[in-house]
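Observations on the three-dimensional arrangement
Chain by chain, the residues:
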Amino acid sequence: VILLIVVSGIAISAFALTQRAGLAPPTASSNDPRTLQEKAKRGGGKLVANLDFNKGAQKPSLAAMVAASESIAIVTTDSNVCRLSEDGKVVRTFYRARVEDVLKGHVRTGGNITVSLPGGKVGFAGGGTAEVLTPWFKKMVNHKRYLLFLSGKPTSDSFTTTGGPQGVFEIAADGNVLSHSGLANDVMRQYAGKSNEAFVKEIKEAIVASN
């Protein structure tokens, strides 16, 4: 009887793990030779996949974030669009944003920039969709204010965010900043809840120290 109970328990546990694995989204990888459309076809026309974070992009401190950022600015997002890469393997969301204030870099107050974030959802001409999720990175929302650490060329108005989710802070209605990072052990999350004024002051001090 005891043996029967043990065997039954193992069988039930194995079944539960199989069910959870079946419900978990697959992982999207640029190393996979298949395009997202090909993956979607194999899934009945719909693909939902998680994207892993490149841990090598994570920065260890505010000073490192400042040093690695071409520009640091406060912006308001206006619109966004999801686009599939030319090789069909990657989806990114492109935000158009208006610059309100510049702490570092060549961007111009009152000008517009494009900020590209990983993930998003696209449809295919022949039917079907692919959605790439970033559970470690909360996406931006249109018509909200953000303080962004930006990486890109000093002659361009197109950027990615430094350290991925580490470089995105929403400025809430109460004036405090909210981190968009879901990374474990992210040093930048310590600034969540600070007033925007206090955070900007620390950033400016780090900029001066880096010069």
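The coordinates are above.
To start, this report covers the structure provided alongside it. (Residues numbered from 1 in each chain as written. Predicted model: local features only at pLDDT ≥ 70, side-chain atom pairs only at ≥ 80, totals over all residues. Heavy atoms only, no water.)

1. Some details on the overall build of the protein
Scanning the protein from terminus to terminus reveals 4 helices and 11 strands. Considering only intrachain contacts with a sequence separation of at least 6, the fraction spanning at least 24 residues in the protein is 59%. (Helix = DSSP H or I, 4+ residues; strand = E, 2+ residues; numbered from the N terminus. Contact = heavy atoms within 4.5 Å.)

2. Description of the sheet that holds strand 7 (residues 129–133)
Pairing is mixed across the open sheet formed by 4 strands, whose spatial order is 1-2-7-6. Since the sheet does not close on itself, it has two edges, and those belong to strand 1 (27–28) and strand 6 (120–123), each with one partner. Pairing between strand 6 and strand 7: 4 bridges, direction antiparallel. Its bridge partner lying in strand 7, K121 is registered against E131. (Pairing = 2+ DSSP bridges.)

3. A closer look at the nonpolar core
Grouped together as the largest cluster of nonpolar side chains are 19 residues, with contacts concentrated most on V75, I113, V115, M140 and L148. Elements represented by at least two residues in this core include exactly strand 3 (71–84), strand 4 (91–104), strand 5 (112–118) and strand 8 (145–151). Setting aside residues no more than four positions away along its own chain, L148 makes contact with S71, I72, A73, V75, V115, M140, G167 and V168. Listed in part, the 18 residues of the second largest apolar core include V66, I74, V177 and A206. (Core = buried A, V, L, I, M, F, W, Y, C linked by side-chain atoms within 4.5 Å. Buried < 20%, exposed > 50% of the residue type's maximum accessible area, 1.4 Å probe, protein only.)

4. Focus on the environment of S85
By the secondary structure assignment, S85 is in the loop between strand 3 and strand 4. Classification of S85 by relative accessible area gives partly exposed; the value is 26%.

5. Observations regarding helix 4 (residues 196–210)
For helix 4, which comprises 15 residues, the first-to-last C-alpha distance of 21 Å matches the rise-based estimate of 21 Å (1.5 Å per residue) to within 8%. Taken together, the buried residues of helix 4 touch helix 3 (62–68), strand 3, strand 4, strand 8, strand 10 (168–171) and strand 11 (177–179). (Expected span 1.5 Å × (residues − 1).)

6. A short note on the side chain of Q166
Mapped onto the elements, Q166 comes out in the loop between strand 9 (158–161) and strand 10. Not counting residues up to four positions away in its chain, the partners in contact with Q166 are A57, Q58, K59, M65, S181, L183, D186, V187 and M188.

7. A look at the pattern of salt bridges
For the structure on display, the rule yields 5 salt bridges. For D78, the salt bridge goes to R98, with nearest N and O atoms at 3.4 Å. Placement of D78 in strand 3 and of R98 in strand 4 is noted, with a sequence separation of 20 residues between them. A relative accessible area of 29% means that D78 is categorised as partly exposed. (Salt bridge = Lys/Arg side-chain N within 4 Å of Asp/Glu carboxyl O.)

8. Here's the deal with the packing of aromatic side chains
Applying the stated criterion across every chain yields a total of 6 aromatic pairs. Ring centres 6.3 Å apart and planes at 50 degrees place the aromatic pair F149 and F199 in the tilted group. Of this pair, F149 sits in strand 8 while F199 sits in helix 4, placing them 50 residues apart in sequence. This pair shows no difference in class: F149 is buried, exactly as F199 is. Put simply, the rings of F149, F169, Y191 and F199 pair up and form one aromatic cluster. Above the plane of the ring of F94 lies R83, whose end atom (NZ or CZ) is 4.9 Å from the centre. The ring of F137 has K139 sitting right over it, with the charged end atom 5.6 Å from the ring centre. (Phe/Tyr/Trp six-rings, centres within 6.5 Å; stacked < 30°, edge-to-face > 60°. Lys NZ or Arg CZ within 6 Å of the ring centre and 35° of its normal.)

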